[in-house]
Amino acid sequence: MNEPRYGLIEAGGTKFVLGVADANGTILDRTRIPTLMPDETIGAMLEWFGARGAYSAIGLATFGPVELDPASPQWGHILKTAKPGWTGADLAGPLQRRFACPVIVDTDVNGAALAETTWGAGKGEQVVLYFTIGTGVGGGAVINGRTLRGKGHPEMGHFRLPRHPDDLNYAGKCPFHGDCVEGLTAGPAIFDRWGKTLSDLPPDHPAHDIISWYIAQLVVSMQAIFEPGKLILGGGVMATPGLIDRVREKAVKLGGGYFRSDASTMISAPGLGDNAGLMGAFALAQSAAPE
Ligand code: ZN
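Let me begin by describing the structure that accompanies this report. Since the structure is predicted, the reported quantities are computational estimates derived from the model, not experimental observations.

This brings us to helix H3 (residues 108-119). Every α-helix carries 3.6 residues per turn, so stepping three or four residues along brings you back to the same face. Here H3 contains 12 residues, and its C-alpha end-to-end distance of 16 Å stays within 8% of the 16 Å for a straight helix at 1.5 Å per residue. Most of H3 is tucked away, with nine of its 12 residues classed as buried. Where H3 is buried, its residues meet strand S5 (103-107), strand S6 (127-133), strand S7 (137-143), strand S8 (146-147), strand S9 (230-234) and helix H9 (276-286).

See the structure below:
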């Protein structure tokens, strides 16, 4: 192999996006495959990469929960998940055995945070948070160039929030916590309460105020913990027209002028758009490359 080539995987709950990139991050080839049962999906992934040669490293940015501790026998496995069939699925092992190259695993949101820090909306910032608010809610962080990992990866989508006074009767949709961020603001929780997506509800519907208030509460909590340079909000729910502006306005008020960061400019849409996932995988793969 003359030039380094990287295998890229954005593993999601409904689809896997696969790509091959050169050393500059130029995507030479890409495809998407549906997320079926693990055997089928992992088999299709190995076949696609196998038909495209050898790799210097593979970056795997995946839905979670996933084991990130390289010392654990479960490294690169999906942990306990509500997604049928996927608990215990080994994503990284088959890649490592088949292609005999480093496989760098992180969460999809940590990968997106790393890509946004390197090339996108968070460029040049010391602390960048990335949230996706869609079918579920996940959050990742990059601090001084590294993704945040603790005992496991961050589970910021399960942060607890105060309740909106006009939303006290809803128990929340999270099977573990009820009314955590995901249980209150993800797509299924919105549909549960109002029978439509946020985008399909008229702009004067109270749901817009309630959901933007919860996300703004999340933002000011994250400001208190991290003082991020950028907090990036992506995902299907965040694509609702006007939502990010409502969040900005409320976060400024809720913050009371206390934080160093100004919520009106700190809150950002993703800079890399649809490429954030694959570029996250590229950023992970590249981190394995020799200096
Ligand atoms: Zn939860």
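Both strand S2 (residues 15-21) and strand S3 (residues 27-34) contribute to a ladder of seven bridges, which runs antiparallel. Residue pairing for S3: lysine 15 is matched across the bridge by proline 34. As consecutive antiparallel partners, S2 and S3 are separated by five residues, and within that stretch glycine 25 has a phi angle of approximately 85°, a positive value.

Time to look at the environment of leucine 68. When you line up the elements, leucine 68 lands in the loop between strand S4 (57-62) and helix H2 (92-99). Distance in space between the C-alpha atoms of leucine 68 and glycine 152 is 6.6 Å, their sequence separation being 84 residues. When near neighbours in sequence (up to four residues on either side) are disregarded, leucine 68 contacts Trp75, Val105, Asp106, Arg149 and His153.

Here we come to the nonpolar core. What tends to happen in soluble globular proteins is that the nonpolar side chains get buried as a cluster. Counting residues in hydrophobic clusters, the biggest one holds 39 residues, and the most contacted among them are Phe131, Leu233 and Ile267. Listing elements by their share of this core, those giving two or more residues are S6, S7, helix H4 (181-185), helix H5 (187-194), helix H6 (206-226), S9, helix H7 (243-255) and helix H8 (263-266). Sequence-distant contacts of phenylalanine 131, defined by excluding residues within four places in its chain, comprise Val137, Gly138, Gly139, Met156, Leu218, Met222, Leu231, Ile232, Leu233 and Gly234. Counting residues in hydrophobic clusters, the runner-up holds 28 residues, among them Phe16, Trp48, Ile58 and Ala92.

What counts as what
Residues numbered from 1 in each chain as written. Predicted model: local features only at pLDDT ≥ 70, side-chain atom pairs only at ≥ 80, totals over all residues. Heavy atoms only, no water. Helix = DSSP H or I, 4+ residues; strand = E, 2+ residues; numbered from the N terminus. Expected span 1.5 Å × (residues − 1). Buried < 20%, exposed > 50% of the residue type's maximum accessible area, 1.4 Å probe, protein only. Contact = heavy atoms within 4.5 Å. Pairing = 2+ DSSP bridges. Core = buried A, V, L, I, M, F, W, Y, C linked by side-chain atoms within 4.5 Å.

Bear in mind that shape data such as this cannot, by itself, settle questions of function.
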